Amino acid sequence: MQTFAASEGIWAFSGSYVGQNAVGGLAGVAVLAGIVALLFVYLGELGESDPAPKAWPPEE
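Draft legend 1. Representation of the overall build of the chain within the structure. Tallying secondary structure elements over the chain gives 2 helices and 0 strands in all. By residue count, 5% of the 60 residues in the chain fall in the buried class. Only carbon and sulfur atoms are counted for the fraction: they give 68% of the accessible area of the chain, which is about 5700 Å².

Draft legend 2. Inspection of a nonpolar patch on the surface at higher detail. The grouping of L39, Y42, L43 and L46 at the surface amounts to a nonpolar patch, some 440 Å² of accessible area in total. Assignment of secondary structure puts L46 in helix α2 (residues 22-46). Classification of L46 by relative accessible area gives exposed; the value is 56%.

Cut-off values and rules
- Residues numbered from 1 in each chain as written.
- Predicted model: local features only at pLDDT ≥ 70, side-chain atom pairs only at ≥ 80, totals over all residues.
- Heavy atoms only, no water.
- Helix = DSSP H or I, 4+ residues; strand = E, 2+ residues; numbered from the N terminus.
- Buried < 20%, exposed > 50% of the residue type's maximum accessible area, 1.4 Å probe, protein only.
- Areas by Shrake-Rupley, 256 points an atom, 1.4 Å probe, with all protein chains shown as cover.
- Patch = residues over 30% accessible without salt bridge, like charges linked within 9 Å, V, L, I, M, F, W, Y side chains within 5 Å.
- Salt bridge = Lys/Arg side-chain N within 4 Å of Asp/Glu carboxyl O.

Structure representation (structure tokens):
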């Protein structure tokens, strides 16, 4: 909330890009959302059992 209140113009994408601004905040949110999405994919893959390696020696 402090970053949101401290930014100069929330919807103004023109002006100084040094310091806290809307573009930097949106980029940060996008990066964090990507990291969380990759974490969910990774955790989902850990629970999968297929494709599993075949048993050795093969049972026929």
